[in-house]
Amino acid sequence: LDGKIATKAGDSKWISSEKTRAYTRSLRDGYDAILVGIGTVLADNPVLSGVKRNPKRIIVDSSLRISAGAKVLRDSNVIVVTTEKSSPLKRESLRKKGITIHVMKKIEISPLLRFLGKQGISSIFVEGGAEIFGSFVDAKKIDKLHWIIAPKIIGGRNAKSAVGGLGITRITQAVNLENLELTRIENDLFITAWPVFDAR
């Protein structure tokens, strides 16, 4: 309820219910790819698979901190996005495993989306974490939002909030949502909405 996605110690398993998590996994089937940041990979070591299909996995990892044994690297159906400051040796090692490595000068959402579009990816399920999600909000590159609210209060000024990035300075700059759809899954609230980005 307080917008936190982990405790101050980084514990995040589990905030929402098992049924809600299963429903969220099923949503992945409707997208060409699933995108997460390296923080999510290091904290959770997720599989990032759908229920009926296996969308492309996109990992944003500017310094290439990912472990070769990470579950997301279990096959070649993955794109790792990194920067020039990452290790060329590690890049080559991952390429030898059949993994696509895309090197950018710095991670920027719009150029990244253009690259992914050229790879035939037209829809992406951005799962997080907070900094990745905040970057997409800052870039105004969200078409549809799925949001889960669990009836828990975590608290803590150092606990991780759901949205990172640069943020805004004035409330008038806040992203408004429209056409809200609200569903209850056990005790969790599942919200689907469409963002309206101010063109100013």
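Scroll up to find the structure.
### Quick look at the layout of surface pockets
Then comes step 1: Computed from the structure, the second largest pocket encloses a volume of approximately 680 Å³.
Then comes step 2: Lining the second largest pocket we find 25 residues, and of these V137, I168, Q173, A174 and V175 sit closest to its centre.
Then comes step 3: Secondary structure elements with two or more residues in the lining of the second largest pocket: α5 (130–138), β6 (145–149) and β8 (188–196).
Then comes step 4: Top element by residues in the lining of the second largest pocket is α5. It accounts for four residues.
Then comes step 5: A breakdown of the residues in the lining of the second largest pocket according to their chemical character gives 15 nonpolar, five polar and five charged.

### Quick look at helix α4 (residues 109–118)
Counting along an α-helix, one turn takes 3.6 residues, and residues three or four places apart therefore face a common direction.
Then comes step 1: Among all positions in α4, only I109, L112, F115 and L116 are buried. Along the axis of α4, the buried residues cluster in a sector spanning 125°; they form a single face. Turned more than 90 degrees away from the buried face of α4 sit R114 and K118, all of them exposed.
Then comes step 2: Two residues or fewer after α4 comes G120, characterised by a positive phi angle close to 85°.

### Points about the nonpolar core
Then comes step 1: Grouped together as the largest cluster of nonpolar side chains are 17 residues, with contacts concentrated most on L35, I58, L112 and L116.
Then comes step 2: At the level of elements, β1 (33–37), β2 (56–60), β3 (78–83), α4 and α5 are the ones that each hand at least two residues to this core.
Then comes step 3: When residues of this core are assigned to their parent elements, the largest contribution, four residues, is made by α4.
Then comes step 4: L116 has contacts with I58, I79, I121 and I124, leaving out every residue within four places of it along the chain.
Then comes step 5: Among the nonpolar cores identified, the runner-up in size contains 16 residues, and I34, A70, V80 and L94 belong to it.

### Digging into the packing of aromatic side chains
Then comes step 1: Following the criterion strictly, the structure yields three aromatic pairs and no others.
Then comes step 2: Geometrically, the ring pair formed by Y23 and F190 is edge-to-face, given 5.1 Å between the ring centres and 85° between the ring planes. Linking Y23 in helix α1 (residues 18–27) with F190 in strand β8, this pair joins segments that are 167 residues apart in sequence.
Then comes step 3: Consider the rings of Y31 and F125, whose centres lie 5.0 Å apart with planes at 40°: the pair is tilted. Of the two residues, Y31 is situated in the loop between α1 and β1 and F125 in strand β5 (residues 124–128); the sequence distance between them amounts to 94 residues. Each member of the pair, Y31 as well as F125, is classed as buried.

### Examining unusual backbone geometry
Peptide bonds are, in most cases, trans, and in most cases residues other than glycine have a negative phi.
Then comes step 1: Here the amide bond leading from K13 into W14 is cis, since omega sits at -10°, within 30 degrees of zero.
Then comes step 2: Along the chain, W14 falls in the segment before α1.
Then comes step 3: Here the bond from G128 into G129 is cis, since omega is 5°, no more than 30 degrees from zero.

### Let's talk about the pattern of salt bridges
Then comes step 1: Taken as a whole, this structure holds two salt bridges when the rule is applied.
Then comes step 2: When the shortest N-O distance is used, the salt bridge between E127 and R28 registers 2.5 Å. Within this pair, whereas E127 is found in strand β5, its partner R28 is found in the loop between α1 and β1, the two being separated by 99 residues in sequence.
Then comes step 3: What makes E127 partly exposed here is its relative accessible area of 32%.
Then comes step 4: The exposure class assigned to R28 is buried, which follows from its relative accessible area of 9%.

### Observations regarding the sheet that holds strand β4 (residues 100–104)
Then comes step 1: The sheet built from five strands is open, its strands ordered β4-β3-β2-β1-β5 with parallel pairing. Edge positions in the open sheet fall to β4 and β5, since each of these has one partner strand only. Neighbouring strand axes in the sheet, compared pairwise and without regard to direction, differ in orientation by 20° on average.
Then comes step 2: Note that β2 and β3 share four bridges and pair parallel. Bridge pairing links I58 to I79 in β3.
Then comes step 3: Sheet strands in contact with helix α3 (residues 88–96) are β3 and β4, and its direction is about 150° off that of β4.
Then comes step 4: Its contacts with the sheet place α5 against β1, β2 and β5, and it is angled at close to 110° to β1.

About the cut-offs
Residues numbered from 1 in each chain as written. Predicted model: local features only at pLDDT ≥ 70, side-chain atom pairs only at ≥ 80, totals over all residues. Heavy atoms only, no water. 1 Å grid on protein atoms, 1.4 Å probe; cavity = no way out; pocket = protein on both sides within 12 Å on 5 of 7 lines; lining within 4 Å. Points joined across faces, edges and corners; volume = space filled by probe spheres on them. Helix = DSSP H or I, 4+ residues; strand = E, 2+ residues; numbered from the N terminus. Nonpolar A, V, L, I, M, F, W, Y, C, P; charged D, E, K, R; others polar. Buried < 20%, exposed > 50% of the residue type's maximum accessible area, 1.4 Å probe, protein only. Arc of directions from axis to C-beta. Core = buried A, V, L, I, M, F, W, Y, C linked by side-chain atoms within 4.5 Å. Contact = heavy atoms within 4.5 Å. Phe/Tyr/Trp six-rings, centres within 6.5 Å; stacked < 30°, edge-to-face > 60°. Salt bridge = Lys/Arg side-chain N within 4 Å of Asp/Glu carboxyl O. Pairing = 2+ DSSP bridges. Axes fitted to C-alpha atoms, helices over the stretch in contact; angles between N-to-C directions.

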